[in-house]
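Observations on chain architecture
Read off the chains here:
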Amino acid sequence: MFGPKRYCIVVVGAQWGDEGKGKIVDVLAERADLVVRYQGGANAGHTVVIGDDEFILHQIPSGILHPETRCIIGNGVVLDPETLVQEMDDLAARGVDVAGRLTVSDRAHLVLPYHKLLDAASERRQKIGTTGRGIGPAYEDKIGRRGVRAGDLRSMDRLREQLEVGVARVNGQLELMGVEERASSADHVALLERLAPRLVPMLADTGLATFVALNEGQRVLLEGAQGAQLDVDHGTYPFVTSSNTTAGGAAVGAGIGPSKIDAVLGVVKAYTTRVGNGPLPTEADDAESETLRRLGEEFGATTGRPRRCGWFDGVVVRYAARVNGLTDLAVTKLDVLDTLPRLRVCVGYKLDGDVIEEMPSDAETLEQAHPVYEWLDGWRQPTTDCRRMADLPPQARAYLDRIQDLVGVPITYVSVGTRRDQIIGPQ
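Throughout what follows, the structure given in this document is the object of discussion. Bear in mind the structure is a predicted one, so any value in this text is a computation, not a measurement.

Details of the overall build of the protein
- In terms of regular secondary structure, the protein is built from 12 helices and 20 strands.
- On C-alpha atoms alone, the protein measures out to a radius of gyration of 21 Å, which is about the 22 Å that the 2.2 N^0.38 rule sets for 427 residues.
- A separation threshold of at least 6 residues defines the contact pool for the protein, and within that pool the share at least 24 residues apart is 77%.
- By element, 48% of the accessible surface of the protein is carried by carbon and sulfur atoms, the whole surface being about 17,700 Å².
- The protein carries 48 positive and 60 negative side-chain charges, and their two centres are separated by 2 Å.

Considering the sheet that holds strand S7 (residues 102-105)
- On the basis of which strands lie adjacent, the open sheet formed by 10 strands has the order S9-S7-S5-S2-S10-S1-S11-S15-S19-S20 and mixed pairing. Strands at the two margins of the open sheet, each flanked by one partner only, are strand S9 (203-204) and strand S20 (423-424).
- Running over the sheet, helix H1 (residues 21-29) touches strand S1 (8-13), strand S2 (34-37), strand S10 (220-223), strand S11 (263-269), strand S15 (328-332), strand S19 (411-415) and S20 and is turned about 165° from S1.

What to know about the side chain of aspartate 80
- As for its position among the elements, aspartate 80 is in the loop between strand S6 (78-79) and helix H2 (81-93).
- Beyond its immediate stretch of four places on either side in the chain, aspartate 80 contacts Ala42, Gln59, Val111 and Lys116.

Thoughts on the packing of aromatic side chains
- Under the definition given, this model contains 1 aromatic pair.
- Aromatic pair tryptophan 379 and tyrosine 399: ring centres 5.8 Å apart, planes at 55°, arrangement tilted. Residue tryptophan 379 is found in the loop between strand S18 (370-377) and helix H12 (394-407), and its partner tyrosine 399 is found in helix H12; the two are separated by 20 residues along the sequence. As far as burial versus exposure is concerned, tryptophan 379 and tyrosine 399 are alike and both buried.
- A cation sits over an aromatic face here: arginine 94 above phenylalanine 55, 4.0 Å from the ring centre.
- A cation over a ring is seen here: arginine 344 above tyrosine 373, with NZ or CZ 5.0 Å from the ring centre.

A few points about the pattern of salt bridges
- Across all of its chains, the model carries 25 salt bridges by this definition.
- Note that aspartate 141 and arginine 146 form a salt bridge whose closest N and O atoms lie 2.8 Å from each other.
- For aspartate 141, a relative accessible area of 6% gives the class buried.
- Arginine 293 is paired through a salt bridge with glutamate 290; the nearest N and O atoms lie 2.8 Å apart. Taken as a pair, arginine 293 and glutamate 290 lie in helix H9 (residues 286-296) at a separation of 3 residues, close to a single helical turn.

Overview of the packing of H2 against helix H6 (residues 185-199)
- Where H2 contacts H6, the axes come no closer than 10 Å and their chain directions differ by 50°. Classified by the interaxial angle, the pair formed by H2 and H6 is oblique. Taken as a pair, H2 and H6 cross one another with a handedness that is left-handed. Residues Pro81, Glu82, Leu84, Val85, Met88 and Asp89 of H2 form the contact with H6, whose participating residues are Leu191, Leu192, Arg194, Leu195, Arg198 and Leu199.
- Grouping the amino acids of the contact of H2 with H6 by side-chain chemistry returns 8 nonpolar, no polar and 4 charged.

Conventions and cut-offs
- Residues numbered from 1 in each chain as written.
- Predicted model: local features only at pLDDT ≥ 70, side-chain atom pairs only at ≥ 80, totals over all residues.
- Heavy atoms only, no water.
- Helix = DSSP H or I, 4+ residues; strand = E, 2+ residues; numbered from the N terminus.
- Rg over C-alpha atoms; globule rule 2.2 N^0.38 Å.
- Contact = heavy atoms within 4.5 Å.
- Areas by Shrake-Rupley, 256 points an atom, 1.4 Å probe, with all protein chains shown as cover.
- Lys, Arg positive; Asp, Glu negative; His and termini not counted.
- Charge placed at Lys NZ, Arg CZ, Asp CG, Glu CD.
- Pairing = 2+ DSSP bridges.
- Axes fitted to C-alpha atoms, helices over the stretch in contact; angles between N-to-C directions.
- Phe/Tyr/Trp six-rings, centres within 6.5 Å; stacked < 30°, edge-to-face > 60°.
- Buried < 20%, exposed > 50% of the residue type's maximum accessible area, 1.4 Å probe, protein only.
- Lys NZ or Arg CZ within 6 Å of the ring centre and 35° of its normal.
- Salt bridge = Lys/Arg side-chain N within 4 Å of Asp/Glu carboxyl O.
- Parallel < 35°, antiparallel > 145°, perpendicular 65-115°, else oblique.
- Left-handed = near helix turned anticlockwise from the far one by under 90°.
- Nonpolar A, V, L, I, M, F, W, Y, C, P; charged D, E, K, R; others polar.

Pasting the structure below:
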């Protein structure tokens, strides 16, 4: 992917998240000088398998597993400071030193314990299917111009006043919602006083650092969380996350101009999954869904919740290609389909007697849409040892060709296993 005219690459999910972005970022990070996480928070779970070791990263970019790669948590992220410190300590205990390699934007907003209280209370009412990590309320405070930013950790006197106001406001909201639990300003102050010495030395103007790196000809990878269908503007609203997960959010969340981006790599599974509520047009019946869940070990890396499973949806990914401006596609978990005799691919939706080929703009209409399927033959042989497209069984190549035709974007990477080396890339 990186080359003479490709110095800045965005990696986005092109379905409902959990597409395997962590592994793809890990593969690309080997050639990157800098990896920037640009949105989301600790609700993400990027899994990377190196040999017999599995790493699940929630806020730190996946590039941290390459010892020469520098990493940034950008201004578009809502940062849980407590879990970040825990994540750093966990990595250090496993021999991954982040010292001097991880920088945090002083403009990133903090997720505080009172955000998690609000998130849990709101979820009981709305049942969106959030992770309960406080992401939505933190973004609400950011947009409402009442948030606490990482840079505020530099002045604890001012921060105490901010926390008192924030706690009082949240406790009032909790009372109106009929929730008995209350936040404590003293507990919030004590927490941030304990964490500030660890975090303040890591703070910087990360947009400037990214800009300088690109101007010096360094290779920069912008890493997103979730997927295009969870974008707050372009996803299946209201069953979405609270940030822009699409490629347009990468420039904003990293602090650079869009003209700096050279390519956008969309990551998709060879089938479809979703965690939580909301429409999933190609959701399989119970038996087929359980088969895919078992073969793909489809349980959330952050929540452990079983994922809803279904067939590849060409309408969804073609839409993602349009709203992200995808230049390349990475297909993951092809090996999960190795034993299946026949496969379905959705090529359109039937709605009110008509066949449509574009995503409806509202979730209620999408719930009423019925997938139009094509059947393809399975290959019924292992693909886990394949390292070139030519090594794949003919039926597997035909399956990928059909995906490429439906989406209109060339497939550059194919993952055929969980390990770092189980990848087919540019020849």
